Amino acid sequence: MGNLRFQALKEALNRQPVPVSEAPRRSEIFGKNVFNEMAMRQYLTKSSYRSLMDAIDKGSKISRDVADHISTGMKEWAIAKGATHYTHWFQPLTGSSAEKHDAFFDVEMGDAAIEKFGGGQLVQQEPDASSFPNGGIRNTFEARGYTAWDPTSPAFILGTTLCIPTIFVSYTGEALDFKTPLLRSLQVLDHSATEVARYFDKKVNKVITTLGWEQEYFLIDASLANSRPDIMQAGRTLLGHSAAKGQQLDDHYFGAIPSRVLDYMRDLENECMLLGIPVKTRHNEVAPSQFELAPIFEEANLAVDHNQLLMDVMEKVAEKHKLKVLFHEKPFAGVNGSGKHNNWSLCTSTGVNLLSPGSTPMKNLQFLTFFVNTIKAVNDNEELLRSVIATASNDHRLGANEAPPAIISVFIGSQLTNVLDELEKVTDGKLSPQEKTELKLNVVGKIPEILLDNTDRNRTSPFAFTGNKFEFRAVGSTANCAKPMTLLNMIVAKQLKEFKLQVDSLIKDQKLKKDDAVFNVLREYIRDSKRIRFEGDGYGEAWEKEAKKRKLSNNKTTPEALKIQMHPNTIKLYEEMGVMNKIELEARHAINLEEYSKHIQIEGRVLGDIARNHVIPTAIRYQNILIKNVKGLKEIYGDSFKNYGQEQLNIIEQISHHIEQINSGITAMIDQRKKANKLEDLEKRAEAYCFEVKPFFEKIRYHCDKLELLVDDEIWTLTKYREMLLIH
Ligand code: ADP
Ligand code: MG
């Protein structure tokens, strides 16, 4: 049989390793293609360099003259490295990054050809914004969009193009991208956190947010991937029977990395080094063909850009190695899905990690302050946190009996639980000297020690404290980290602002000492946010029941999860914090809903196509073989043919039954799709796709997968799970 599956298998099995050349020392090539401080010093005048550094550190404005200088320096640096083009590089709401290349090359009036790149081109550009999702903002305001340089994220060279990280906003100022609200959230968090950090150290004048993401992904042979219409179009398999050997032996996790994959990783890491992405850890994940890559954490805006860039680079390098990266949260049923843990913390201008306990009781009180305030912020906004990670693909993890659940809770470990239990008993009002000594010595003072052996890790928690940072684990592997980070920054900023007001008022009105006031406010927060803390098994049914009692949300699907985005309190919160206004929120809400419906629509179409055009014809072909066989038996044995052909007859009937179920399922699904498409209201349409269309997927799949088990392997056209997952 010359079908695509066997051709792909042949190609996959005959792969030759792609040679990889690695630099002997990574430190030597790190950031070579980045316009970093070293390059700036070399290519900029002292005063331009200083203006740029001020813009980065203090957010000061860059004058047009200086921009002209900087662009010239940048151009010279880029050309010296072989770049011929430049582009504004931004993150529109499509979820991938966008670029439009322009050549440096220009012809002046007359005939002189030159290389040109002015300050104007560096600072602002006007891409044709009409084809990017805008949720109606442009229609409402007839506004064009423009991109504007973000000097806090350094320019870099990708291939032969100088890429300049930018924000993307409409002419009326509304954000059309992920970066703009992120930058706003970082600013408000800096402000609130600095104020609070100054209770403990007056030298602090800035607080930055740090982010270390962990990127999970599947990597399979490109020919095998391309032989599957569902992977090509939907990024995941819509049918396929589980391989006999999946992850049940636990032999993949942290196992030896297959050599072809290792070559890919080495090549990828080399590229990352050149681009200044500080990748550090690589290993196998739980499912076969699943892997993870993690960097050293960085300032959050830079880390977000680096993750976005990494995802692009991963795809490019995979092409070279004839592999295909699957970022989808659930490419294969029956084995683990992929997430993107967001490790988050705060760091002061004096270099102190505010979520890391220190050596003195005062430093530990500072740690506790940020620790408890974060928990309180999560408690008060748990449903919102769920909503910002809601997508059709992440729904396969959250709320589908897989890590982590759709219920947001915080895990802190038993030792810190004991500390919070003690703090909850703190006296109301002024603390006695004995109580304070006792607290400082035996509760707060002991934190660093107890954290040293903080070995209890809970893998089922969606939001866990892991020693010196919080880890938001419910984020999906396809996500742009900016989305969850923007919300987390904003709610913590709001919480810290409130904390400051409360502590100040206790100091002023009740004449409490500063640390007495801090203890008092923290005690109340610990009490108020108890329901969010959960140390048990997050996957269990018992937790669902318990969470319901605690009035925690449990929105298992995206349409349900997104609802809170439009709640008046949500809009008030975003507006009050200056992170997004109502127009921006409404636009994003519309985009999220539309994206959801389109996603399910595409999956439905692809499923209908492969079930009808691959599975059913193959099943009929096999059925015909059986029919011929039975006819032959009848010819030989006459009336007693059933003694020899009964099982064949059974299979013939089973095949007919499955075909009937598949075909009628598809017809009914198409009917529901038509109905859904007629709904004008985006929310109603998304709900229709979720509750009326999607349920057919399982049913159709079930019967297709049964046929896969019945039909002769030789004629089955769709590449099987065992082939995709176990061949590298
Ligand atoms: P894990 O056991 O969860 O893999 P690691 O210590 O390996 O924990 O860290 C995972 C990620 O957390 C890495 O990307 C790391 O850089 C990041 N990380 C460590 N400390 C911080 C911090 N202070 N802020 C943000 N991210 C951090
Ligand atoms: Mg982790």
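Just so you know, these numbers come straight off a predicted model, no measurement behind them. (Residues numbered from 1 in each chain as written. Chains lettered and ligands numbered in written order. Predicted model: local features only at pLDDT ≥ 70, side-chain atom pairs only at ≥ 80, totals over all residues. Heavy atoms only, no water.)

(A) Expanded view of the packing of aromatic side chains. Tallied over the full model, the rule gives 22 aromatic pairs. Between Phe499 and Tyr525, the aromatic rings sit 6.1 Å apart at their centres with planes inclined by 50 degrees, giving tilted as the arrangement. Of this pair, Phe499 sits in helix 18 (residues 482–509) while Tyr525 sits in helix 19 (residues 514–528); the two residues are 26 residues apart in sequence, bridging distant segments of the chain. The same class applies to Phe499 and to Tyr525, which are both buried. (Phe/Tyr/Trp six-rings, centres within 6.5 Å; stacked < 30°, edge-to-face > 60°. Helix = DSSP H or I, 4+ residues; strand = E, 2+ residues; numbered from the N terminus. Buried < 20%, exposed > 50% of the residue type's maximum accessible area, 1.4 Å probe, protein only.)

(B) Just the site of ligand 1, in detail. Taken together, 14 residues sit near ligand 1, with Thr210, Pro295, Phe297, Asn343 and Asn353 positioned nearest. A distance of 2.8 Å is found between a nitrogen atom of ligand 1 and a side-chain nitrogen or oxygen belonging to Thr210. The side chain of Glu471 places a nitrogen or oxygen atom 3.5 Å from an oxygen atom of ligand 1. Considering ligand 1 on its own, with 560 Å² of exposed area, one finds that the protein chains cover 75% of that surface. Of all the secondary structure elements, the ones that give two or more residues to the shell around ligand 1 are strand 9 (207–221) and strand 14 (340–348). (Near = heavy atom within 4 Å. Polar contact = N/O pair within 3.5 Å; in protein donor to acceptor, adjacent residues only side chain to side chain. Areas by Shrake-Rupley, 256 points an atom, 1.4 Å probe, with all protein chains shown as cover.)

(C) Quick peek at helix 12 (residues 300–320). End to end, helix 12 covers 30 Å across 21 residues, agreeing with the expected 30 Å (1.5 Å per residue, within 8%). Within helix 12, 17 of the 21 residues are buried, leaving the element largely enclosed by the surrounding structure. At the N-terminal boundary of helix 12, the capping side chain belongs to Glu299, with an oxygen 3.2 Å from the backbone nitrogen of Asn301. Of the residues flanking the end of helix 12, it is Lys322, one or two places downstream, whose phi is positive at about 55 degrees. (Expected span 1.5 Å × (residues − 1).)

(D) Structural view of the coordination of the magnesium ion (ligand 2). Taken together, Glu214 (OE), Glu214 (OE) and Glu471 (OE) make up the full set of protein donors to the magnesium ion (ligand 2), lying 2.2 to 2.6 Å away. With Glu214 in strand 9 and Glu471 in strand 17 (residues 470–472), this pair connects stretches of sequence that are 257 residues apart. (Donors = N, O, S within 2.8 Å, 3.2 Å for Na, K, Ca; no water.)

(E) Highlighting the packing of helix 24 (residues 642–678) against helix 25 (residues 682–693). For the pair helix 24 and helix 25, the least separation of the axes is 9 Å and the interaxial angle reads 165 degrees. For the element pair helix 24 / helix 25, the angle class is roughly antiparallel. Seen along the crossing, helix 24 lies across helix 25 with a hand that is right-handed. For the pair helix 24 and helix 25, the contacting residues are Met669, Gln672, Arg673, Ala676 and Asn677 in the first and Arg685, Ala688, Tyr689, Glu692 and Val693 in the second. A class-by-class count of the residues in the contact of helix 24 with helix 25 yields five nonpolar, two polar and three charged. (Axes fitted to C-alpha atoms, helices over the stretch in contact; angles between N-to-C directions. Parallel < 35°, antiparallel > 145°, perpendicular 65-115°, else oblique. Left-handed = near helix turned anticlockwise from the far one by under 90°. Contact = heavy atoms within 4.5 Å. Nonpolar A, V, L, I, M, F, W, Y, C, P; charged D, E, K, R; others polar.)

(F) View of the pattern of salt bridges. Under the definition given, this model contains 50 salt bridges. Here Asp68 makes a salt bridge to Arg64, at a shortest N to O gap of 3.9 Å. One end of the pair, Asp68, and the other, Arg64, are both in helix 5 (residues 64–80), four residues apart, so they sit about a helical turn from each other. Under the relative-accessibility criterion, Arg64 is labelled exposed at 53%. A salt bridge links Lys320 to Asp267; the nearest nitrogen and oxygen atoms lie 2.8 Å apart. Of this pair, Lys320 sits in helix 12 while Asp267 sits in helix 11 (residues 259–274), and the two are 53 residues apart along the sequence. (Salt bridge = Lys/Arg side-chain N within 4 Å of Asp/Glu carboxyl O.)

(G) Local environment of the nonpolar core. Counting 123 residues, the largest nonpolar core has Tyr217, Tyr264, Leu368, Phe371 and Leu423 as its most contacted members. The element that contributes the greatest number of residues to this core is helix 18, accounting for 12 residues. When residues of this core are sorted by domain, at least three fall in each of domain 1 (18–176) and domain 2 (187–580). Once you skip the residues sitting within four places of it in the chain, Phe371 turns out to touch Leu355, Ile412, Leu416, Leu420, Phe465 and Phe470. Leu562, Val606, Tyr622 and Ala676 belong to the second largest nonpolar core, which has 43 residues in total. (Core = buried A, V, L, I, M, F, W, Y, C linked by side-chain atoms within 4.5 Å. Domains from an automatic or database assignment.)

(H) Up close: the environment of Glu99. Topologically, Glu99 is positioned in the loop between strand 1 (85–89) and strand 2 (102–103). Sequence spacing of Glu99 and Arg527 is 428 residues, and the spatial spacing of their C-alpha atoms is 49 Å. Glu99 has contacts with Thr87, His88 and Trp89, leaving out every residue within four places of it along the chain. Within the structure, Glu99 has its side chain in polar contact with the side chain of His101 (distance 2.9 Å).

(I) Just the side chain of His658, in detail. For His658, the position within the fold is in helix 24. With a relative accessible area of 8%, His658 lands in the buried category. Side chain to side chain, His658 and His703 meet in a polar contact 3.0 Å long. For His658, the residues in contact, after removing those within four places along its chain, are His703, Lys706, Leu707 and Leu710.

Worth remembering: the numbers are spatial, not functional.
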